[in-house]
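A look at the structure
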Amino acid sequence: MSTEVVAVSAVSAEQLQSPSAPAQQIAVEKVNLLGMSRPQMEKFFEDMGEKKFRAGQVMKWIHQFFVTDFAQMTNISGKLREKLEKICEIKAPEVVHKNYSKDGTRKWVFRVGDGEGSLVETVLIPAEHRSGLRRTLCISSQVGCALDCSFCSTGKQGFQRDLSQAEIIGQLWMANYSYMEDVPVLERERSVTNVVMMGMGEPLLNYDAVLNSMRTMLDDFAYGMSKRRVTLSTSGVVPKIDQMVKDIDVALAISLHAPNDELRNELVPINKKYPLEQLIAACQRYIAKDGNESSRKHVTIEYVMLDGVNDHPEHAQQMIRLLKNLPSKINLIPFNPFPHAPYGRSSRNRIISFQKTLSDAGFVCTIRQTRGDDIDAACGQLVGQVADRTRRAEQWKKKVAQQNEILRSQG
Ligand code: SAH
Ligand code: SF4
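Residues numbered from 1 in each chain as written. Chains lettered and ligands numbered in written order. Predicted model: local features only at pLDDT ≥ 70, side-chain atom pairs only at ≥ 80, totals over all residues.

**What about the overall build of the chain?**
Secondary structure summary: the chain contains 14 helices and 16 strands in total. Burial status across the chain gives 40% buried among its 411 residues. Long-range pairs, those at least 24 residues apart, make up 66% of the contacts in the chain with a sequence separation of at least 6. (Helix = DSSP H or I, 4+ residues; strand = E, 2+ residues; numbered from the N terminus. Buried ≥ 20, exposed ≤ 12 C-beta atoms within 10 Å, placed from the backbone. Contact = placed C-beta atoms within 7 Å.)

**Describing the nonpolar core**
In terms of nonpolar packing, the biggest core is built from 97 residues, with Leu172, Val195 and Met305 touching the most fellow members. Looking at which domains feed residues into this core, each of domain 1 (3–89) and domain 2 (94–403) supplies at least three. Ignoring sequence-local partners within four residues, the contact set of Val195 consists of Leu137, Ile139, Leu172, Met217, Met225, Arg229 and Val230. (Core = buried A, V, L, I, M, F, W, Y, C linked by C-beta atoms within 7 Å. Domains from an automatic or database assignment.)

**Looking at the sheet that holds strand β11 (residues 194–197)**
The strand order β5-β6-β7-β8-β11-β12-β13-β14-β15-β16 describes an open sheet built from 10 strands, whose pairing is mixed. Two strands lie at the open edges of the sheet, namely β5 (94–100) and β16 (364–367), each paired on one side alone. Averaged over all neighbouring strand pairs, the angle between strand axes comes to 20 degrees, with direction disregarded. Examined bridge by bridge, strand β12 (residues 230–234) and strand β13 (residues 251–255) share four bridges and lie parallel to one another. Counterpart to Thr234 in the pairing with β13 is Ile254. (Pairing = 2+ DSSP bridges. Axes fitted to C-alpha atoms, helices over the stretch in contact; angles between N-to-C directions.)

**Digging into the environment of His97**
Turning to its location among the elements, His97 is positioned in strand β5. Accessibility expressed as a C-beta count within 10 Å gives 12 for His97, which makes it exposed. For the pair formed by His97 and Lys107, sequence separation is 10 residues and the distance between their alpha carbons is 8.1 Å.

**Some remarks on unusual backbone geometry**
You will see that His257, though not glycine, has its phi angle at about 70 degrees, which is positive. As for its position among the elements, His257 is in the loop between β13 and α9 (261–267). Of note in the backbone geometry, His340 takes a positive phi value of approximately 70 degrees without being a glycine. Within the fold, His340 resides in the loop between β15 (328–334) and α12 (348–360).

**Observations regarding the site of ligand 2**
The local shell around ligand 2 holds 12 residues, among which Cys145, Cys149, Cys152, Gly155 and Ser235 are the closest. Split into classes, the residues belonging to the shell around ligand 2 amount to four nonpolar, six polar and two charged. (Near = placed C-beta within 6 Å. Nonpolar A, V, L, I, M, F, W, Y, C, P; charged D, E, K, R; others polar.)

**Considering the UniProt feature "active site" (unreviewed entry) in the chain**
With numbering matched to this structure, UniProt assigns "active site" (unreviewed entry) to Glu121 and Cys379. Summarising the element assignment, Glu121 is placed in strand β7 (residues 118–129). (UniProt positions renumbered as here; feature names shortened; annotations may be inferred.)

**Description of the pairing of β12**
Summarising burial for β12: five of the five residues are buried, a large majority. Covered by surrounding structure in β12 are Val230, Leu232 and Thr234 together with Thr231 and Ser233, the residues of both alternating faces. Of the pairings in the sheet, the one linking β11 to β12 comprises three bridges and is parallel in character. Paired with Val196 across the two strands is Thr231, which belongs to β12. Handedness of the crossover is the feature at issue here: the chain leaves β11, passes through helix α7 (residues 207–218), returns alongside β12, and the resulting connection is right-handed. Tracing the backbone out of β12, into helix α8 (residues 238–247) and back to the parallel element β13 gives a crossover that is right-handed. (Right-handed = clockwise from strand over helix to strand, strands pointing away.)

**What to know about the UniProt feature "binding site: [4Fe-4S] cluster" (unreviewed entry) in the chain**
UniProt feature "binding site: [4Fe-4S] cluster" (unreviewed entry): in the numbering of this structure it lies at Cys145, Cys149 and Cys152. According to the C-beta neighbour criterion, Cys149 is buried, with 24 such atoms within 10 Å. The contacts of Cys149, once residues within four sequence positions are left out, are Gly155, Ser235, Leu267, Val268 and Pro269.

Rendered as structure tokens:
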């Protein structure tokens, strides 16, 4: 939200009574409509004394025609448009860097927050698919992450803050808008076909904002995306998985990364709180809810391949036992190294034989394509491009320096 001097009518009675602030110059925040879900915007309009169907109209302008100027909303009366201009705005986070590569991949670095703020990254990856061209957007939900998985550079930054709804939806808005900037307003279309909540942060720990944002993604007055094409990825916040099952129907991906508790405690520390048995049970509840809706036919299991750590044949066997009663599709992710990472990427052969073991056991198991490390670096591990200024990052660097020192002294 930004601050701007607005008309007297928009400030509170309390502010008006303040002798130190002349009424005409009282600064108040404009309300950013970008992130509001439909129920929230309907309430906003009703509170303003307007009809609630206005919310749907405005949402269409914002999310389907990518309009940020109320003057362009031609089916809204001039009087209401003026009123909206005074107290509202439609504002995506500031883009500080963008990179559109020849292969179609697009990246944006956004500044969020006031002043210098923090940086978050969003990546769009196109891919040919049976059903046509897919454009999948990888969206961040937090700046940093508190969960500290040992192979993840976002975790190494520590947690800085949750993203707001406007900052989450702003990523989708900007990606769509980037294809339509030069297209006349009424001819604009939505270009992003799929969303994965696999950028920075643990989406289930920013629950309300992520839930409302996903509702906007599915809403026919906004992005109208199919529930199979919106995927939430979690490292396993079990109670929130159950909550999500009650609140919304979208696809679910689980960052498993280890097939037994001992190893998973080390790689994905939240496992100490919600061990595998609980996590798998939550996934089964997700699958079981209300019969077999199309988005809930399976859970996607993400498994990052760490050389010599979780890629032994025995681990594949443990996976088979662990997942035998869970309809799942397994996605093996070649580890993406980052500076000072304590792991290496499993060899291609190792990954292929791991895949073969799982496929032979009847699982659908794919290997994530890596089209160059810079592209893969997008999802979930953005520290290289994002200023890391937390204490944990400092501690991490110190630890690595110490280890290097020890190695050097040992010759
Ligand atoms: N916090 C959520 C979503 C963001 S992480 C989660 O953990 O699921 C998105 C995905 O990227 C996760 O599967 C995560 O484990 C993976 N990831 C993180 N660091 C990675 C790395 N260095 N190489 C490959 N994948 C990584
Ligand atoms: Fe957080 Fe996901 Fe990275 Fe783990 S893998 S630290 S949960 S962003």
